[in-house]
Amino acid sequence: MAKLHVSSTDHRVRKTHADSFYKTDLAAILDELTISDIEICGAEVPFCVDATIKAGFDHGYRIWMVPGAVSMVAKAQPLIPEGTLLTHYARIWRDRFLTYVDE
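Note that this is a predicted model, so its numbers are computed, not measured.

Novice: Sorry if this is basic, but what is going on with unusual backbone geometry here?
Specialist: Negative phi characterises most residues that are not glycine, and trans characterises most peptide bonds. Backbone geometry places Lys23, a non-glycine residue, at a positive phi of 55 degrees. Classification of Lys23 by relative accessible area gives exposed; the value is 71%. Backbone geometry places Thr34, a non-glycine residue, at a positive phi of 50 degrees. Among the secondary structure elements, Thr34 is positioned in the loop between helix H1 (26-32) and strand S1 (37-42). Taking relative accessible area as the criterion, Thr34 reaches 70% and is therefore assigned exposed.

The structure is reproduced here in structure tokens:
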């Protein structure tokens, strides 16, 4: 991501699993910085985004999202139209695992 501005004080977390907390130091970094709220955005809703939202919730963080700040590769779920799948996950997350910023 050549256009992404990275500062020397930014933290980077390398992950190998859909859940960004799984076998990473993400929770330790957030705790060290006394962060209690996380704003989520990303790709691959049925995998990385969903897993990280639920794991963050399980770790006790307040999760926030701007509506439409997620996407997916349509080929990942060829039997379910993208719009249907995104609506499905939004209904699961809303008021259970996260709060949408517009609310």
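Novice: Help me understand the pairing of strand S2 (residues 62-70) in this model?
Specialist: The two faces of a sheet get side chains in turn, since along a regular strand they alternate between them. Pairing of S1 with S2 involves five bridges; the strand directions are parallel. Bridging across to S2, Glu39 finds its partner in Trp64. Traced from S1 through helix H2 (residues 45-58) to S2, the parallel crossover comes out right-handed. As defined by bridge partners, S2 adjoins strand S3 (residues 99-100) across two bridges and the pair is classed as parallel. Within S3, the residue paired with Trp64 across the bridge is Thr99.

Novice: So what exactly am I meant to see when it comes to the sheet that holds S2 here?
Specialist: Pairing is parallel across the open sheet formed by three strands, whose spatial order is S1-S2-S3. Because the sheet does not close on itself, it has two edges, and the strands there are S1 and S3. With respect to the sheet, H2 is in contact with S1 and S2, its orientation differing from that of S2 by roughly 160 degrees.

Novice: Teacher, can you tell me more about helix H3 (residues 82-93) here?
Specialist: Each α-helix turn comprises 3.6 residues. Residues three or four places apart therefore point the same way. Under the 1.5 Å per step criterion, the end-to-end length of H3 is 17 Å for twelve residues, consistent within 8% with the ideal 16 Å. Listed as buried for H3 are Leu85, Tyr89 and Trp93. For H3, the angular spread of the buried residues around the axis is 65 degrees, confining them to a single face.

Novice: Explanation requested: the side chain of Thr52 in the structure shown.
Specialist: Tracing the chain through its elements places Thr52 in helix H2. Judged by relative accessible area, which is 10%, Thr52 ranks as buried. A polar side-chain atom of Thr52 sits 3.2 Å from the main-chain carbonyl oxygen of Ala18.

Novice: Got a minute to help me understand the nonpolar core in this structure?
Specialist: Where a protein is soluble and globular, its nonpolar side chains tend to be buried together. Core analysis: the largest hydrophobic core is formed by 20 residues, its most contacted members being Phe21, Ile53, Met65 and Trp93. Residue assignment for this core shows that the elements contributing at least two residues are H1, S1, H2, S2 and H3. In terms of residues, this core owes the most to one element, H2, which gives four residues. Look past the residues within four positions of Ile53 in its chain and what remains in contact with it is Ile40, Ile63, Met65, Trp93, Phe97 and Leu98.

Novice: Sorry, what's going on with the pattern of salt bridges here?
Specialist: Close approach of charged atoms lets side chains of opposite charge pair. Taken as a whole and judged by the stated rule, the model has two salt bridges. Between Asp37 and Arg62 there is a salt bridge whose closest N-O contact spans 2.5 Å. With Asp37 in strand S1 and Arg62 in strand S2, the pair connects residues that are 25 residues apart, well separated along the chain. The exposure class of Arg62 is partly exposed, given its relative accessible area of 48%. Where Asp50 meets Lys54, a salt bridge forms, and the shortest distance between an N and an O atom there is 3.2 Å. One end of the pair, Asp50, and the other, Lys54, are both in helix H2, four residues apart, so they sit about a helical turn from each other. Relative accessible area serves as the criterion here: at 10%, Asp50 is assigned to the buried category.

Parameters at a glance
Residues numbered from 1 in each chain as written. Predicted model: local features only at pLDDT ≥ 70, side-chain atom pairs only at ≥ 80, totals over all residues. Heavy atoms only, no water. Buried < 20%, exposed > 50% of the residue type's maximum accessible area, 1.4 Å probe, protein only. Helix = DSSP H or I, 4+ residues; strand = E, 2+ residues; numbered from the N terminus. Pairing = 2+ DSSP bridges. Right-handed = clockwise from strand over helix to strand, strands pointing away. Contact = heavy atoms within 4.5 Å. Axes fitted to C-alpha atoms, helices over the stretch in contact; angles between N-to-C directions. Expected span 1.5 Å × (residues − 1). Arc of directions from axis to C-beta. Polar contact = N/O pair within 3.5 Å; in protein donor to acceptor, adjacent residues only side chain to side chain. Core = buried A, V, L, I, M, F, W, Y, C linked by side-chain atoms within 4.5 Å. Salt bridge = Lys/Arg side-chain N within 4 Å of Asp/Glu carboxyl O.

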